[in-house]
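# Chains, contacts and geometry: an overview
For reference, the chains in residue letters:
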Amino acid sequence: MKRILSGVQPTGNLHLGNYLGAIRNWVKLQDGYECLYMVADLHAITVPQEPDSLRKAVREVTAALIACGIDLEKSAIFNQSAVSAHSELAWILGCHTPLGWLNRMTQFKEKAGKHREEALLGLYSYPVLMAADILVYKATHVPVGEDQKQHLELSRDIAGAFNRQYNTEFFPLPEPLILGDATRVMSLRDGSKKMSKSDESDYSRINLTDDADAIAKKIKKATSDSYPTVGENLENRPEAANLLTLYASLKGVTREQALAECAGKNFSGLKQMLTEVAVAHLSPITRRMRELLAAPDYIDQVLSKGVARARNIAGGTMQEVKEMIGFL
Ligand code: AQP
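Residues numbered from 1 in each chain as written. Predicted model: local features only at pLDDT ≥ 70, side-chain atom pairs only at ≥ 80, totals over all residues. Heavy atoms only, no water.

### Looking at the overall build of the protein
Cut-off, in case you're wondering: Helix and strand assignments come from DSSP, with helices taken as H or I runs of at least 4 residues and strands as E runs of at least 2, each series counted from the N terminus. We compute the radius of gyration from the C-alpha atoms alone; for a globule the expected value is 2.2 Å times N to the 0.38, where N is the number of residues. The buried label goes to any residue with under 20% of its type's maximum accessible area, the exposed label to any with over 50%, and the partly exposed label to all in between, with areas taken from a 1.4 Å probe on protein chains only. Contact between two residues is taken to exist if any of their heavy atoms lie within 4.5 Å; hydrogens are not considered.
Within the protein, the regular secondary structure consists of 13 helices and five strands. Here the protein has a C-alpha radius of gyration of 21 Å; the compact-globule value for 328 residues is 20 Å, and the two agree. Taking the principal axes of the C-alpha coordinates as reference, the protein spans close to 70 × 45 × 40 Å. Split into buried and exposed, the 328 residues of the protein put 51% on the buried side. Pairs at least 24 apart in sequence give 76% of the contacts found in the protein among residues at least 6 apart.

### Describing the side chain of E60
Relative to the helices and strands, E60 resides in helix α3 (residues 51–68). With a relative accessible area of 16%, E60 lands in the buried category. If near-sequence neighbours (up to four positions away) are discounted, E60 is found in contact with N13, M289 and L293.

### Brief notes about the packing of aromatic side chains
Condition: Pairing of aromatic side chains here covers Phe, Tyr and the six-membered ring of Trp, requires ring centres within 6.5 Å, and sorts the geometry by plane angle: under 30 degrees stacked, over 60 edge-to-face, intermediate tilted. Criterion for a charge above a ring: Lys NZ or Arg CZ within 6 Å of the ring centre, and within 35 degrees of the ring normal.
Under the definition given, this model contains six aromatic pairs. Sitting over the face of the ring of F170, K138 holds its NZ or CZ atom 3.7 Å from the ring centroid.

### Let's talk about helix α10 (residues 238–251)
Basically, it comes down to this: A helix is expected to span 1.5 Å for every residue after the first.
Over its 14 residues, α10 runs 20 Å from end to end, which matches the ideal 20 Å to within 8%, given 1.5 Å per residue. For α10, a buried count of 12 out of 14 residues is recorded, marking the element as mostly surrounded by other parts of the structure. Within α10, burial applies to E239, A240, A241, N242, L243, L244, T245, L246, Y247, A248, S249 and L250. Buried-residue contacts for α10 involve α1 (16–29), α11 (255–261) and α12 (267–293). Downstream of α10 by a residue or two, G252 has a phi angle that is positive, lying close to 75 degrees.

### Here's the deal with helix α7 (residues 121–135)
Filter applied, for reference: The reported bend at a residue is simply the angle between two axes, fitted to the 7 residues ending at it and to the 7 residues beginning with it.
With 15 residues, α7 extends 21 Å between its outermost C-alpha atoms, agreeing within 8% with the 21 Å of an ideal straight helix rising 1.5 Å per residue. Taken as a whole, α7 carries its principal kink of about 45 degrees at P127. Across the 15 residues of α7, 12 count as buried, placing the element largely inside the fold. Burial in α7 covers these residues: L123, Y124, Y126, P127, V128, L129, M130, A131, A132, D133, I134 and L135.

### Focus on the site of the ligand
Convention followed: Whether a residue is near a molecule or strand depends on its heavy atoms: if one lies within 4 Å, it is near. In protein, a polar contact requires one atom able to donate a hydrogen and another able to accept it; more generally it is a pair of N or O atoms within 3.5 Å, and residues adjacent in sequence count only if both atoms are side-chain atoms. Only the protein chains shown count as cover for residues, with accessible areas throughout obtained via the Shrake-Rupley method and a probe of 1.4 Å. Residue type decides the class: Asp, Glu, Lys and Arg count as charged, Ala, Val, Leu, Ile, Met, Phe, Trp, Tyr, Cys and Pro as nonpolar, and the leftover types, Gly among them, as polar.
The immediate surroundings of the ligand are formed by 23 residues, with K111, D147, S196, K197 and S198 found nearest. Residue T11 places a side-chain N or O atom 3.0 Å away from an oxygen atom belonging to the ligand. One of the side-chain nitrogen or oxygen atoms of K111 is found 2.6 Å away from an oxygen atom of the ligand. Notes on the ligand: free accessible area 640 Å², of which the protein chains cover 97%. Listed by contribution, the elements that provide at least two residues to the shell around the ligand are β1 (3–8) and α1. It is α1 that provides the largest number of residues to the shell around the ligand, a total of four residues. Here the residues of the shell around the ligand sort into six nonpolar, 12 polar and five charged.

### Points about the packing of α1 against α10
Using the following cut-off: Here, axes are lines fitted to C-alpha atoms. For helices the fit covers the stretch in contact, and angles between N-to-C directions go from 0 to 180 degrees. An angle below 35 degrees is treated as roughly parallel, one above 145 as roughly antiparallel, one from 65 to 115 as roughly perpendicular, and anything else as oblique. We call a crossing left-handed when the near helix sits turned anticlockwise from the far one by less than a right angle, and right-handed when that turn is clockwise.
At a closest axis distance of 12 Å, the pairing of α1 and α10 adopts a crossing angle of 45 degrees. By the angle between their axes, α1 is oblique relative to α10. For the pair α1 and α10, the crossing hand works out as left-handed. From α1, L16, L20 and R24 reach across to α10, where they touch L246, S249 and L250.

### What to know about the pairing of strand β2 (residues 34–39)
Rule in force here: Paired strands are those between which DSSP finds at least two bridges. When the strands point away from the viewer, a crossover counts as right-handed if the route from the first strand across the helix to the second turns clockwise.
For β2, the buried fraction is high: five of the six residues fall into the buried class. Two elements, β1 and β2, share six bridges in a ladder whose sense is parallel. Note on β2: the bridge partner recorded for V8 is V39. Taken together, β1, α1 and β2 constitute a β-α-β crossover, and its handedness is right-handed.

See the structure below:
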């Protein structure tokens, strides 16, 4: 059986990077796999969160997943913290993970930055929790954006270390699925940085909650250059290349087709084309999200149903893991 586990952190508004790099692919994968999608609230608290904002963000992310097309008849959406097996397995896997492996993780280095000594243990051990998230469901495939590739490789290493220690093939080695043509969407303000929820500038990203005016304003203000045509010297123009990728991906055409459509146009022509396609694509999602958010009880029911399904699978794994380890 092929099973998918993936997640998104409730650390703010979901953006176009989360959508194109992850969620849109999750929707497509529902036909070929059993899919479990979690709202990763345990990962969110690796940096301080305000309780009311966290609660709100969990419901917003759930609404966004439904609005983007996750089919609740097929797939489960659940809040990670409600399935205690994630934390339990994370501890056990932490006891099978050499520090040297964690020291190599670039996301920790980037996020902790110069304040390494003050960074929290949870931020450092985040990839071990991610391994637990995946392995507790014995997921075979994990759709992620480029930025999570290294963590996923570590999950495979941890699964291998556990299997070797207990001379078993209990955990499948999860395969990354890095799909689509926008696996690394860049900031609208700086083409060398990925689009991110935690970027201080809201102008760096297009949120799934942005209305048509906000989308138009943000694209208009996106960093430009003064090349006369879109296609010229694209390899050295990260901002133009990023907007072109966004256009192609939202329109569902290849990069070459997108370039052909832009023939003779300058940066502001590309911005206009992108605005139209982004508004057309995102406005039904935003509308549906608003309707769902007006019914928080429904969202909570969706999560409880997902939690029950997730607990059922995770509980079975934990029983077997404990037996293998020698816990009474
Ligand atoms: N810019 C991106 N391009 C493509 N894919 C992306 N993803 C995130 N940013 C981009 C993918 O979205 C999924 C969910 O990500 P997440 O919210 O769990 O964590 P993140 O990668 O840390 O996302 P952010 O927006 O950068 O959040 P903050 O700022 O809170 O750290 C993942 O599959 C990710 O690859």
